[in-house]
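Residue-level structure breakdown
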Amino acid sequence: MATYETIIGLEIHVQLKTKSKLFCACDNTGEGQAPNTTICEICTAQPGTLPVPNQQAIDWSVLAALGLNCKINTESKFDRKHYFYPDLSKGYQISQLDQPIGENGYLDVVEGEQAHRVRIERLHLEEDSAKLLHEPGQEMTQIDFNRAGTPLAEIVTKPDIQTPAQARIFLTELRLLMRYLGVSNADMEKGQLRVDANISLRPEGDTELYPKTEIKNLNSFRSVERALTFEVERQTKLWEAGMPPMQLATRGWEETKNETVEQRTKEEAADYRYFPEPDIPPLHFSAEYLEKIAAAMPELPAARRQRYQSELGFPVEVIERLVTDQHLGKFAEEVVSELRAWMEAENEPGLVWEQEKGKYAKQVANLLVHRYEKLRNEVSNAKDITPENFAEYVKIVQSGAVNAPAAQQLLEEMVKIGGDPSDIVAQKGLGQVSDEGALRDVVQKVLDAHPEKAEEYRKGKIALLKFFLGQAMRETQGRADPKVLEKLLEERLTSA
């Protein structure tokens, strides 16, 4: 039986979070406001109006293209893309055809331990359309123009994606990149990142690209993966029956039915009757301008992953969480910086830290990801902990000044009331008791209370040591050093 190769390309629209729209001064947060309240003559295409490009939207499009390793076209222009639809009042969309902002870029993604490069064909800037509202039980359709004119960066990939899972991973990484760049929140559930997925199959070993099917109505990364998985199965059956798709087509994703449904045959570029936008002069990007935009480029996710592992020594299993949550990652960096400053103040600068950083970085990352964040979600009115105080908490735990149960209680108190951990240890009596003289009395009291079990231990039932240890910890309210207790218990039980 023949096997088939999956060919996937994505078209992604990213809403840029500029204060105003792309070609007018209207508020760009209209989707969260009452319908048709953030509009003007330009949004609704009134006769005689002229578009004025938003400089911030252009700057951010260039920044996003650079973040995707694109070549920036020093000469770029807007074009009119004609099609009739009720949510496009002009009868055309101002977009870009042959001179987009950027071309020929790439974004590297990792699936498991395998790296894969997805080439970016282009990034261009265009305006969004209005939104059609279909109210349940009503026969009419309403139009909300608040979204009309929102700036969109459209990102088109090459057909380099090989599996539905890889498509989801690519989109997750792209969303993270847009957030790092600060150009969009890219929340798919809010429509700030919208995806059309193109898919075709071909026999294994064939190099020809066959007509693609475009899938629309995808409102989550999970939907993208499920819709593509369905299409792989559907198109495989068509190939096996000798009836492979022979024309471009558009299908919609039906979430409740878990299937795609045919909508229409796909238009070609010629059907849109593109021509240069006569009301907007071409864009010219000087070398100085591009250098200025590039200088504003922040550290990107891939570089941060590498730095967290090689320089800071964070464990691989929690790095992705620290990279995805920028606030948590920054906090972790600041805690490690505080620990390093403390250690270098007490020792020869740099020498001891290089020996110990792995241990401290691992503990900081694990505490933040597995305990601190969980506590913050559980405690109402959780207090912010400063990096300095969290570093001091790590020092207290590492030094053995508190045992494991007390360390957990200390962190809970810090989240509830804030403040210096050393003060909380003193106020709550959480300090670990390691004095053998004080603990011998505790050990004797526990053994006196359970003479029968002590005798059983001496006859070979050594598992009872854990019972005695638990009783002794209870007597000390969890403050005793368990290693010291265990040593004293063994000595007392074997000497009698």
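Structural notes, computed from the coordinates. (Residues numbered from 1 in each chain as written. Predicted model: local features only at pLDDT ≥ 70, side-chain atom pairs only at ≥ 80, totals over all residues. Heavy atoms only, no water.)

1. A word on the overall build of the protein
Helix and strand counts for the protein come out as 15 helices and 16 strands. Every one of the 496 residues in the protein was classed for burial, and the buried ones make up 47%. Sequence-distant contacts, at least 24 apart, represent 68% of the contacts inside the protein between residues at least 6 apart. Of the roughly 25100 Å² that the protein leaves accessible, carbon and sulfur atoms contribute 50%. When the 60 basic and 80 acidic side-chain charges of the protein are each reduced to a single mean position, those positions are 4 Å apart. (Helix = DSSP H or I, 4+ residues; strand = E, 2+ residues; numbered from the N terminus. Buried < 20%, exposed > 50% of the residue type's maximum accessible area, 1.4 Å probe, protein only. Contact = heavy atoms within 4.5 Å. Areas by Shrake-Rupley, 256 points an atom, 1.4 Å probe, with all protein chains shown as cover. Lys, Arg positive; Asp, Glu negative; His and termini not counted. Charge placed at Lys NZ, Arg CZ, Asp CG, Glu CD.)

2. Thoughts on the side chain of Glu277
The topology assignment puts Glu277 in the loop between strand 15 (275-276) and strand 16 (283-284). One polar contact links the side chain of Glu277 to the main-chain amide nitrogen of Asp279, over a distance of 2.9 Å. Discounting residues that sit within four places of it in the chain, Glu277 has contacts with Phe78, Asp79, Arg80, Tyr92 and Ile94. (Polar contact = N/O pair within 3.5 Å; in protein donor to acceptor, adjacent residues only side chain to side chain.)

3. Observations concerning the sheet that holds strand 4 (residues 79-82)
Within the open sheet, the three strands sit side by side as 5-4-15. Their pairing is antiparallel. Of all strands in the sheet, those bounded by a partner on one side alone are strand 5 (92-95) and strand 15. Inspection of the sheet shows strand 4 paired to strand 15 by two bridges, in the antiparallel sense. Note on strand 15: the bridge partner recorded for Arg80 is Phe275. (Pairing = 2+ DSSP bridges.)

4. Comments concerning the pattern of salt bridges
Summed over the entire model, instances satisfying the criterion amount to 33 salt bridges. Glu231 is paired through a salt bridge with Arg234; the nearest N and O atoms lie 2.8 Å apart. Residue Glu231 and its partner Arg234 are located together in helix 3 (residues 221-240), separated by three residues, close to a single helical turn. Considered together, Glu231 and Arg234 belong to a single accessibility category, that of buried residues. The partner of Lys357 in a salt bridge is Glu354, and the shortest N-O contact between them spans 3.6 Å. Highlighted residues: Lys357 and Glu354, both in helix 8 (residues 351-378), separated by three residues, approximately one helical turn. (Salt bridge = Lys/Arg side-chain N within 4 Å of Asp/Glu carboxyl O.)

5. So, the pairing of strand 12 (residues 213-218)
Most of strand 12 sits inside the fold, with five of its six residues counted as buried. Pairing geometry for strand 11 (residues 193-203) and strand 12, over four bridges, is antiparallel. Residue pairing in the sheet places Asn198 in a bridge with Glu214 of strand 12. Alignment of strand 12 against strand 13 (residues 249-254), held across four bridges, turns out to be parallel. Its bridge partner being in strand 13, Ile215 is matched across the sheet by Arg251. In the classification by handedness, the crossover that spans strand 12, the intervening helix 3 and the parallel strand 13 is left-handed. (Right-handed = clockwise from strand over helix to strand, strands pointing away.)

6. A short note on the packing of aromatic side chains
Evaluated as defined, the whole model comprises twelve aromatic pairs. Pairing Tyr4 with Trp239 gives two aromatic rings, centres 5.5 Å apart and planes at 40°, and the pair type is tilted. Of the two residues, Tyr4 is situated in strand 1 (residues 4-15) and Trp239 in helix 3; the sequence distance between them amounts to 235 residues. Taking 5.5 Å as the distance between ring centres and 80° as the angle between the ring planes, the aromatic pair formed by Phe23 and Phe78 counts as edge-to-face. A residue pair is termed long-range when its members are at least 10 positions apart, and Phe23 in the loop between strand 1 and helix 1 (55-67) and Phe78 in the loop between strand 3 (75-76) and strand 4 qualify at 55 residues. In this pair, the class of Phe23 matches that of Phe78, namely buried. Pairwise contacts between aromatic rings join Phe331, Tyr372, Phe390 and Tyr393 into one cluster. Over the ring of Tyr272 we find Lys81; its NZ or CZ atom is 4.5 Å from the centre of that ring. A cation sits over an aromatic face here: Arg117 above Tyr106, 3.7 Å from the ring centre. (Phe/Tyr/Trp six-rings, centres within 6.5 Å; stacked < 30°, edge-to-face > 60°. Lys NZ or Arg CZ within 6 Å of the ring centre and 35° of its normal.)

It is worth stressing that arrangement in space is one thing and function is another; only the former is reported here.
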